[in-house]
Amino acid sequence: MSTQKSRRDWESLADTLSIQGQAFIDGHYQEAASGASFDCISPIDGRVLAKVASCDLEDANLAVASGRAAFDAGSWSRLAPVKRKQVMIRLADLLEANADELALLETLDMGKPIRYARAVDVAGAARALRWSGEAIDKIYDEIAPTAHNEIGMITREPVGVVAAIVPWNFPLLMACWKLGPALASGNSVVLKPSEKSPLSAIRLAQLAIEAGIPAGVLNVLPGFGHSVGKALALHMDVDTLVFTGSTRTAKQLMIYAGESNMKRVWLEAGGKSPNIVFNDAPDLKAAAVAAASAIAFNQGEVCTAGSRLLVESGVKDELVRLIAAELQAWQPGHPLDPATTCGALVDKQQLETVLGYIQAGRDEGASLVQGGARVLAETGGLYVQPTIFAGVHNRMKIACEEIFGPVLSVITFDGMEQAIAIANDSIYGLAAGVWTSDINKAHKTAKALRAGMVWINHYDGGDMTAPFGGYKQSGNGRDKSLHAFDKYTEIKATWIALS
Ligand code: NAD
C-alpha cells in the first residue's frame, strides 16, 4: 500500500520518474512551436525537474484548431453519453492506477505533502472525473408546456472548444473539476496549467488517450499566463473560457473576452474567508482543530482558507490558545515524508509574498502570537511556520488581502450583527464557517453571509454533490455538482408546429 511508503521509498520512486515536459497537441507530445522552454523548479530543494515547453500564440492556434476539428468530426462530441461515461470512468481508473506517480509529480512540482497529494489531490481528481462521467447519461433535456399543436424542445448541446486555465495550488484537482463536466458534455478542451506546476496536467493528457478520449479532444499547453494564457483568452475560436486563479487575472480575462469574441467566461477566483466562532460554539476544541487545518492545510495556499478567524470576545483567549497548540501538528517538514502535514511554498516569489504580509502585520500593529518566520532554509526548501496574528482589525492589509500562505488573522467581535458585518466587509465572498450551538443563530448568520459556501460547526466540507464557488470578486461560476454542467453547455429551444 502506497500509504505505507516511507520517505526513502518516495525518494527512490522520484529518482526513477521520467518526467515529460512537452506540450500535448492533437494526440502527440511536442515541443513549443518556437522551441522555447522554461525550467520547472522544485520548491523542495531548488532542483530542476524538467525543461517544460513554453507555449505561445502559435501553439494556442494549433491546439484550438485541433480541438475544433475533433469537435466537428463528432467522434467525441456526438458519441452517446453512455459511451462517454465509460471512457470518463476509465480515465478515473487510470488516475487511480497511476496515483503514486501523479502524487509525486504534484509534490515535487509544488511542494505539498505527499500524503495529501495522494489522498486529496489525485483521489479527488479521479472522483471528479468519475462523478461527472456517471452523471452524463442521467441528465435529461426538457419539453416546454406548450399548446396541443406545438412542441417546444429545450436541449443542451456542448459549447464546442473550451479553454481551461488553472492555478498551481491543486494543479490536477482544479484541472479535473473542469475536465469532468467539460469532457463528459462532449466538448474539446485546451488545458493550460500554471507555469508553476505544469507536470501532472502534461501526464494526464497521455492517460486521456489511453482511456479512449480521441486525439484533439484534450490538448495541454504549458506556458506563461501572459503568453499562451492570453492567446487562449483572446482566441476567436474558443467558445468558453473557464478559469481558476486570482481575482486580478480573472478581471483581465473578462476584458480579453470583451476584446475578442465575447466567449463565455466562468471564473473561480480568490477568497478571504471568515471563520466565525461564537461564545456558544458547541466544542471549542473541534473549532480549534478545524481552524488550524483551515489555515495550514496546503501551506495555506487554499482559496477557501479560513484566513480571517472572527471570534467572539468571551472565547477568544481560550480559542487562540487551543489553535496555537493545534498548529504544533502543522510545523513544516519534508513533503516526501509521509508524516509531514505542512510542506513547502510553491516558489520564491510566493515565499517573499507571504513573508511580506507577515511584516505588514507587524508594521500595522497586529500582535504576533506564534510563528512568523521562514524555517528549514538550509535544505534549500521554501518553508514558513504557520503564523497567528491576534488583535487584527478588518481594515488591516492582512485582513483585507488574500495572503495565500499559512497566516491567520484573529479578529474579535461581540454579537451576531457585528460578526456578520465584519464577515461581509470584504471584496471576496467565497466561503465561511459558523460555530454555534444555537440553530437560529446558525441559520440567520448563514443566510446573511454573502458567500458561496457556508459550513456550520465544521470547516471546508463538501463533495462532488455540492457546488463550489463564490459571490462577489470570488467569481461567478460553480465547479462540482450538476450545476457545473451549465458552464459547458448551450441551451437550444427548438419549436415545432404540428400541422
Ligand atoms: P493566477 O491568477 O496568477 O494564475 C492562474 C492561471 O492563470 C495560471 O495558469 C496563469 O498562468 C494564468 N494567467 C495569469 N495571467 C494570465 C493572463 N494575463 N491571461 C491568461 N492567463 C493568465 O493565480 P495563481 O497564483 O495560479 O492561483 C492562486 C489563486 O487561485 C488564488 O487567488 C486562489 O484563491 C485562487 N483559487 C481559487 C479557487 C476557487 O475555486 N475559487 C481554487 C483554487 C485557487
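Residues numbered from 1 in each chain as written. Predicted model: local features only at pLDDT ≥ 70, side-chain atom pairs only at ≥ 80, totals over all residues. Heavy atoms only, no water.

A. Representation of the packing of aromatic side chains. Enumeration according to the criterion identifies 9 aromatic pairs in this entry. Between the aromatic rings of phenylalanine 24 and tyrosine 29, the centroid separation amounts to 4.8 Å while the plane-to-plane angle is 70°, which identifies the pairing as edge-to-face. Residue classification places phenylalanine 24 among the buried positions, given a relative accessible area of 4%. Judged by relative accessible area, which is 19%, tyrosine 29 ranks as buried. Relative to tryptophan 330, the ring of tyrosine 116 lies with its centre 6.3 Å away and its plane at 20°, an arrangement referred to as stacked. (Phe/Tyr/Trp six-rings, centres within 6.5 Å; stacked < 30°, edge-to-face > 60°. Buried < 20%, exposed > 50% of the residue type's maximum accessible area, 1.4 Å probe, protein only.)

B. Highlighting the pairing of strand 3 (residues 37-41). Note: strand 3 against strand 4 (residues 48-53), 5 bridges, orientation antiparallel. Opposite serine 37, over in strand 4, you have alanine 53 as the bridge partner. Connecting strand 3 to the next strand, strand 4, in antiparallel fashion are 6 residues, including glycine 46 with a positive phi near 75°. (Pairing = 2+ DSSP bridges. Helix = DSSP H or I, 4+ residues; strand = E, 2+ residues; numbered from the N terminus.)

C. Region of interest: the sheet that holds strand 6 (residues 150-158). Strand order in the open sheet made by the 3 strands is 5-6-23, with antiparallel pairing throughout. Taken across any chain shown, the strands that pair with only one partner, and hence form the sheet edges, are strand 5 (142-143) and strand 23 (489-497). Of the pairings in the sheet, the one linking strand 5 to strand 6 comprises 2 bridges and is antiparallel in character. Its bridge partner lying in strand 6, glutamate 142 is registered against isoleucine 154.

D. Fine view of the site of the ligand. Surrounding the ligand, one finds 28 residues, the nearest of these being Glu195, Ser246, Thr249, Ala269 and Glu402. Contact between the ligand and lysine 192: an oxygen atom at 2.9 Å from a side-chain N or O atom of the residue. Take glutamate 402: an N or O atom from its side chain is 2.5 Å from an oxygen atom of the ligand. A total of 850 Å² of accessible area belongs to the ligand in isolation, and the protein chains cover 90% of it. Residues that form the shell around the ligand fall into these classes: 14 nonpolar, 9 polar and 5 charged. (Near = heavy atom within 4 Å. Polar contact = N/O pair within 3.5 Å; in protein donor to acceptor, adjacent residues only side chain to side chain. Areas by Shrake-Rupley, 256 points an atom, 1.4 Å probe, with all protein chains shown as cover. Nonpolar A, V, L, I, M, F, W, Y, C, P; charged D, E, K, R; others polar.)

E. A look at unusual backbone geometry. Residue asparagine 457 is not a glycine yet carries a positive backbone phi of 60°. The class for asparagine 457 is partly exposed, based on a relative accessible area of 29%.

F. Seen up close, the UniProt feature "active site" (unreviewed entry) in the chain. Mapped onto this structure's residue numbering, the UniProt feature "active site" (unreviewed entry) falls at Glu268. Residues in contact with glutamate 268, not counting those within four places in the same chain, are Lys178, Phe243, Thr244, Gly245, Phe468, Gly469, Ser474, Gly477, Arg478, Asp479 and Lys487. (UniProt positions renumbered as here; feature names shortened; annotations may be inferred. Contact = heavy atoms within 4.5 Å.)

G. Geometry of helix 2 (residues 57-73). Taking 1.5 Å per residue as the helical rise, helix 2 with its 17 residues ought to reach 24 Å, and the 24 Å between its terminal C-alpha atoms agrees with that figure. All buried positions along helix 2 are accounted for by Asp59, Ala60, Ala63, Val64, Ser66, Gly67, Arg68, Ala70 and Phe71. Its buried side turned inward, helix 2 meets strand 1 (23-25), strand 6, strand 7 (161-165), strand 8 (188-192), strand 9 (218-220) and helix 8 (225-233). Where helix 2 begins, the capping side chain belongs to aspartate 56, and its oxygen is found 3.1 Å from the backbone nitrogen of glutamate 58. Backbone geometry just downstream of helix 2 places glycine 74 in the positive-phi region, at approximately 85°. (Expected span 1.5 Å × (residues − 1).)

H. Local environment of helix 9 (residues 247-259). The terminal C-alpha atoms of helix 9 lie 19 Å apart, and with 13 residues this matches the ideal 18 Å at 1.5 Å per residue to within 8%. Buried residues of helix 9: Thr247, Ala250, Leu253, Tyr256 and Ala257, and no others. For helix 9, the angular spread of buried residues about the axis comes to 165°, placing them on one side. Those residues of helix 9 that are exposed and angled more than 90 degrees off the buried face are Arg248, Gly258 and Glu259. Among the structural elements, helix 8, strand 10 (240-244), strand 11 (264-268) and strand 19 (428-429) are those in contact with the buried residues of helix 9. (Arc of directions from axis to C-beta.)

I. Broad picture of the state of the cysteines. Taken as a whole and assessed by the stated rule, the structure comprises 0 disulfides. A disulfide-free cysteine, cysteine 55 has its sulfur positioned 14 Å from the sulfur of cysteine 40, the nearest such atom. Of all cysteine sulfurs, the one in cysteine 303 lies closest to cysteine 176, which takes part in no disulfide; the gap is 16 Å. Take cysteine 176: its relative accessible area is 0%, and that puts it in the buried class. (Disulfide = S-S within 2.5 Å.)

J. Spatial organisation of the nonpolar core. Counting residues in each nonpolar core, the largest one holds 107 residues, and the members touching the most others are Leu91, Leu95, Leu191, Val277, Leu319 and Ile323. Leucine 319 has contacts with Val277, Leu284, Ala287, Ala288, Leu309 and Val311, leaving out every residue within four places of it along the chain. (Core = buried A, V, L, I, M, F, W, Y, C linked by side-chain atoms within 4.5 Å.)

K. Quick peek at the pattern of salt bridges. The full count for this structure, using the stated rule, is 27 salt bridges. The salt bridge partner of aspartate 237 is arginine 68, with a shortest N-O separation of 3.0 Å. Remark: arginine 68 occurs in helix 2 and aspartate 237 occurs in the loop between helix 8 and strand 10; sequence separation between them is 169 residues. Among the residues examined, aspartate 237 registers a relative accessible area of 30% and is labelled partly exposed. With a shortest N-O distance of 2.7 Å, aspartate 239 and arginine 68 are connected by a salt bridge. Residue aspartate 239 is found in the loop between helix 8 and strand 10, and its partner arginine 68 is found in helix 2; the two are separated by 171 residues along the sequence. Of the residues examined, aspartate 239 reaches a relative accessible area of 25% and is grouped as partly exposed. Members of the salt-bridge network, linked through shared partners, are Lys178, Glu268, Asp479 and Lys487. (Salt bridge = Lys/Arg side-chain N within 4 Å of Asp/Glu carboxyl O.)

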